[in-house]
Amino acid sequence: MSVTVNHFNLGKNYEALFVCPEDTREYFMKVAAILEVNRAVKSDVFCYDGEKLSFKVKEKLKRSRNVIFVLTSGATERAAADEKDELRAAYAYVWKENPNSLSLMAINDCHLGYGIDYPEDMQSFKWLHRKKFDLSKITCEAMADDLYGEFRL
């Protein structure tokens, strides 16, 4: 269950946590910084293929209000095929511990195959809503503004 932000825990937990590949870290660090500085949305980034799924990271994933998985071409297919894939491990953990926080974001013309035979811990890929962004056409500020609107709805 997603942690509700109230006056007792304001600032303790992350409101937005981007789970992305290492090659997009810089972009999403800028988006997280804009959200935090300009919009007061406590944000962070976890790169599933560059960092370990440590206890500290698991606590962030478990307690974050919005965990946004950034999907790139081929990442979903690899995760569905390999049970030791880092993306799948992170997704399975969030699906088990904090399923109401899950969001998907497809970037750079990433198309997810609905015909993929998803494993049990990835079944929500079939029905979860996906935001779509082309990183070459949207600025970090514009993405932060768009996501801020989603967080505050």
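(A) The arrangement of the pairing of strand 2 (residues 43–47) in detail. Within strand 2, 5 of the 5 residues are buried, which leaves it mostly tucked inside the rest of the structure. Residues Ser43, Val45 and Cys47 point to one face of strand 2 and Asp44 and Phe46 to the other, with burial holding for every one of them. Here strand 1 (residues 16–20) runs beside strand 2; their pairing, made up of 5 bridges, is parallel. What sits directly across from leucine 17, in strand 2, is aspartate 44.

(B) View of the sheet that holds strand 1. Taken in spatial order, the 5 strands make up an open sheet running 2-1-3-4-5, and their pairing is parallel. Edge positions in the sheet fall to strand 2 and strand 5 (130–133), since each has one partner strand and no second. Ignoring which end each strand starts from, the neighbouring axes of this sheet average 25° apart. Set on the sheet, helix 1 (residues 25–39) makes contact with strand 1, strand 2, strand 3 (66–71) and strand 4 (102–107); between it and strand 2 the angle comes to about 165°. Lying over the sheet, helix 5 (residues 140–152) contacts strand 1, strand 3, strand 4 and strand 5, oriented at roughly 165° with respect to strand 5.

(C) Looking closely at helix 5. Taking 1.5 Å of rise per residue, the 13 residues of helix 5 would be expected to cover 18 Å, and the 18 Å separating its terminal C-alpha atoms lies within 8% of that figure. What helix 5 keeps buried is the set Cys140, Met143, Ala144, Leu147 and Phe151. For helix 5, the arc enclosing every buried residue in end-on projection is 100°, short of the 170-degree limit, so these residues lie on one face. If you follow the buried residues of helix 5, they end up packed against strand 1, helix 1, strand 3, strand 4 and strand 5.

Basis of the calculations
- All residue numbers refer to position in the chain's written sequence, counted from 1.
- Thresholds applied to this predicted model are a pLDDT of at least 70 for local features of residues and 80 or more for the giving and counting of side-chain atom pairs; totals over whole chains, interfaces and linings are not thresholded and use all residues.
- To obtain the side-chain values, all non-hydrogen atoms of the structure were included, while hydrogens and water were left out.
- Buried means the residue's accessible area, taken with a 1.4 Å probe over protein chains only, is under 20% of the maximum for its type, while exposed means over 50%, and partly exposed covers the values in between.
- By the criteria applied, helices consist of DSSP H or I runs no shorter than four residues and strands consist of E runs no shorter than two, each listed in order from the N terminus.
- For two strands to be treated as a pair, DSSP must find at least two bridges joining them.
- Helix axes are fitted to C-alpha atoms over the stretch in contact, other axes to C-alpha atoms as well, and angles between N-to-C directions run from 0 to 180 degrees.
- Residue contacts are defined here by distance: any two heavy atoms, one from each residue, within 4.5 Å place the two residues in contact.
- Here, expected helix span is obtained from the residue count minus one, scaled by 1.5 Å.
- To be clear, the arc concerns the directions from the helix axis to the C-beta atoms.

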